[in-house]
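The lines below spell out each chain.
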Amino acid sequence: MATDADLLELHEHVAAVSSGRRSAEEGVRLVLDRIERLDRTLRCYHEVFAAEALAAGREIDRRVRSGEKVGPLAGACVAVKDNLATRLGRTTCSSRMLEHWRSPYEATCVERLVAADAIVIGKTNLDEFAMGSSGEHCAWGVIRNPWDPRRVPGGSSAGSAAAVAAGLCHVALGSDTGGSIRQPAAFCGCVGLKPSYGRVSRWGLVAFGSSLDQVGPIARSVRDASLVLEVIAGEDRRDATSARMPVERLGGSLEEPVEGLRVGLPREYLSEANDPAVNAAVRRAAEALEAAGATIVAVDLPLTEVGISTYYVIAPAEASSNLARFDGIRYGHRAAPVAGEDLAELYARSRGEGFGDEVKRRIMIGTYVLSSGYYDAYYRRALQVRRLIAEEFDRAFERCDVLLGPTAPTPAFPIGAQQDPLSMYLCDVYTVNADIAGICGISIPAGTTAVDGAALPLAVQLQAPAFAEGLLLRASRMLEQVMGTVGLAPAR
Ligand code: GLN
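Residues numbered from 1 in each chain as written. Predicted model: local features only at pLDDT ≥ 70, side-chain atom pairs only at ≥ 80, totals over all residues. Heavy atoms only, no water.

Caption draft 1: Quick look at the overall build of the protein. Helix and strand counts for the protein come out as 15 helices and 11 strands. Over its C-alpha atoms the protein spans a radius of gyration of 21 Å, differing by no more than 12% from the 23 Å that the globule rule assigns to 492 residues. Seen through its C-alpha atoms, the protein measures out along the principal axes to roughly 65 × 55 × 50 Å. Residues classed as buried in the protein amount to 60% of the 492 residues present. Intrachain contacts of the protein at a sequence separation of at least 6 include 77% that bridge at least 24 residues. For the protein, the accessible surface area stands at approximately 18500 Å², while carbon and sulfur atoms represent 53% of it. (Helix = DSSP H or I, 4+ residues; strand = E, 2+ residues; numbered from the N terminus. Rg over C-alpha atoms; globule rule 2.2 N^0.38 Å. Buried < 20%, exposed > 50% of the residue type's maximum accessible area, 1.4 Å probe, protein only. Contact = heavy atoms within 4.5 Å. Areas by Shrake-Rupley, 256 points an atom, 1.4 Å probe, with all protein chains shown as cover.)

Next up, the structure:
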């Protein structure tokens, strides 16, 4: 009988399964047991594919026994954010609007994972349509932080991050439009990688802000995140924005420290408004990197503070257009017909019933900033600032290889503590600009802090130029080696 201690990191599990030292089926069973025990409280999963996952595990075991070659993720149990289309189960975006929707096709990233012999264990809950930073805006209820169930796991990839932290999978997929991979990874003590825009195909990702959205891994170590990225990255003919750039295979070089690494530490990132424990973690990370041979460079990123206002014009503008397809006729929840009602009224009632408040708020903001008379003042201006933000990063990266800072201004906050949408939006102050500029960023655990009798994870973020994931991951591994991981959340 397997015990909790048998829940290995992804790379160890895959190595053990491929060499026949461990059974993939037993690995699935262990994960399913933990889900059974812990997910009633945490609510990471919307749907779990127990029978299919066990069968997939058995098939991998059979192939290993008969000496067939298995893929680079053989036996890895992957949790998939429920805004990614899967053939198995439903794809709901945690919205009533798509409560019963079954996708006729599978997202490219999921297809590639399965082709690498990973096992899809289930679909994880999110803030509806990936709009949110707390996991509280999910049509199926609030998702909880496994480190302290009174607190939020962050969002919008709430279920994915909480599932990784609680050991309810080996690794998870999330999506990041303004921070939705990195911020929940930070709150849950995981590694969360947002690849450069175009690095991973968006085919099968339900669109939120199409010029910002990226899929990426949430994992328990840098090595695991790197393994998953290698499998899901790369050109896809079905997504015209996916990049032609070859995918760097890091392999053993992940462990090699980056010679002469220059780490930029922007003044603006150590704001007084941050929780002091967060700033202390960033300083500790800077010292640790310096001790490992890196040079710390002071840089200025004055446009950090306009990121949120720019993002909250561009993302809702794109969302208002992307979500127009959910009208109850082409897609989504349809309100019960009322005699004498015309089509516009049926659309309005269906959308009114199907979407939650935060989604409606975004659609209204987006429609407003795109409307004639306001387009120039808001949308066009936001696009201009977007260019300036990208140029500011370019200038910073002339002086350093990676940027170090916080992922989020605070550790995980209590459920219900952020009632004001604006204060919730400010959670993403350090993450949105990477999406706006299309560069890559990663959140890495940086120890824990004791709050209200619980140990809460702290995190730091590294950012690197577009398509410099190789460098980013090697620098991240250096940091992880000196800071250590925080391990699984205490099981309750
Ligand atoms: N929290 C941000 C928002 O609510 C980012 C979401 C995301 O990255 N998907 O829009």
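From this point, things continue past the structure.
Caption draft 2: Broad picture of the packing of aromatic side chains. For the coordinates displayed, the defined rule picks out 14 aromatic pairs. On the basis of an interplanar angle of 35° and a centroid distance of 5.0 Å, the ring pair of Tyr105 and Trp203 is categorised as tilted. Of the two residues, Tyr105 sits in the loop between strand S2 (77–81) and helix H4 (108–115) while Trp203 sits in the loop between strand S5 (191–194) and strand S6 (214–219), which places them 98 residues apart along the sequence. Residue Trp203 is classed as partly exposed on the basis of its relative accessible area of 29%. (Phe/Tyr/Trp six-rings, centres within 6.5 Å; stacked < 30°, edge-to-face > 60°.)

Caption draft 3: Local environment of a nonpolar patch on the surface. On the surface, Tyr368, Tyr374 and Tyr378 cluster together into a nonpolar patch covering about 290 Å² of accessible area. Considering the arrangement of structural elements, one finds Tyr378 in helix H12 (residues 376–399). (Patch = residues over 30% accessible without salt bridge, like charges linked within 9 Å, V, L, I, M, F, W, Y side chains within 5 Å. Salt bridge = Lys/Arg side-chain N within 4 Å of Asp/Glu carboxyl O.)

Caption draft 4: Structural context of the packing of helix H9 (residues 307–322) against helix H11 (residues 357–370). It is the contact of H9 with H11, at a shortest axis distance of 7 Å, that shows an interaxial angle of 100°. In terms of their interaxial angle, H9 and H11 are classed as roughly perpendicular. Residue-level inspection shows Tyr312, Val313, Pro316, Ala317 and Ser320 of H9 in contact with H11, the latter providing Arg362, Ile363, Ile365, Gly366, Thr367, Val369 and Leu370. Classifying every residue of the contact of H9 with H11 gives eight nonpolar, three polar and one charged. (Axes fitted to C-alpha atoms, helices over the stretch in contact; angles between N-to-C directions. Parallel < 35°, antiparallel > 145°, perpendicular 65-115°, else oblique. Nonpolar A, V, L, I, M, F, W, Y, C, P; charged D, E, K, R; others polar.)

Caption draft 5: Representation of unusual backbone geometry in the model. Here the bond from Gly155 into Ser156 is cis, since omega is 10°, no more than 30 degrees from zero. Here Ser156 lies in the loop between strand S3 (119–124) and helix H5 (158–165). Phi at Asp117 is positive, roughly 70°, even though this residue is not glycine. One can find Asp117 in the loop between H4 and S3. According to the relative accessible area criterion, Asp117 is buried, its value standing at 10%. Positive phi outside glycine occurs at Phe467, with the angle close to 65°. Looking at the secondary structure, you find Phe467 in the loop between strand S11 (454–464) and helix H15 (469–483).

Caption draft 6: Region of interest: helix H2 (residues 24–42). When the terminal C-alpha atoms of H2 are compared, their 25 Å separation across 19 residues agrees well with the 27 Å that a helix rising 1.5 Å per residue should span. Of all the bends in H2, the greatest measures close to 40° and is centred on Glu36. Turning to H2, the residues buried within the fold contact helix H1 (10–18), strand S1 (45–48), helix H3 (50–65), S2 and S3. Two to three positions downstream of the cap, the backbone nitrogen of Glu25 sits 3.2 Å from a side-chain oxygen, assigning the N-cap of H2 to Ser23. Immediately downstream of H2, the backbone of Arg43 shows phi near 60°, a positive value. (Expected span 1.5 Å × (residues − 1). Bend = angle between axes of the 7 residues up to and from the residue. Polar contact = N/O pair within 3.5 Å; in protein donor to acceptor, adjacent residues only side chain to side chain.)

Caption draft 7: Looking closely at the site of the ligand. Thr177, Gly178, Ser180, Tyr311 and Asp428 are the nearest of the 15 residues found near the ligand. A distance of 2.7 Å separates an oxygen atom of the ligand from a polar backbone atom of Thr177. If the ligand stood free it would expose 290 Å²; the protein chains cover 100% of that surface. Class assignment of the residues belonging to the shell around the ligand gives a composition of five nonpolar, seven polar and three charged. (Near = heavy atom within 4 Å.)

Caption draft 8: Structural context of the pairing of strand S7 (residues 262–266). Most of S7 sits out of view: four of its five residues are buried. Bridge count between S7 and strand S8 (residues 295–299): five bridges; the pairing is parallel. Paired with Pro266 across the bridge in S8 is Val299. Bridging between S7 and strand S9 (residues 402–406) involves two bridges; their strand directions are parallel. When the sheet's bridge partners are listed, Val263 is paired in S9 with Val402. (Pairing = 2+ DSSP bridges.)

Caption draft 9: Here's a closer look at the pattern of salt bridges. Counted by the stated rule, this structure contains 34 salt bridges. Between Glu26 and Arg29 there is a salt bridge, with its nearest N and O atoms 3.5 Å apart. A residue pair is termed a helical-turn pair when its members lie 3 or 4 positions apart in one helix, as Glu26 and Arg29 do in helix H2 at three residues. When its relative accessible area of 37% is taken as the criterion, Glu26 is described as partly exposed. Residues Arg267 and Glu268 are paired through a salt bridge, measuring 3.4 Å at the closest nitrogen-oxygen approach. Here Arg267 falls in the exposed class, since its relative accessible area comes to 59%. In the salt-bridge network here, residues are joined through shared partners; they are Glu59, Arg62, Arg63, Glu68 and Asp117.

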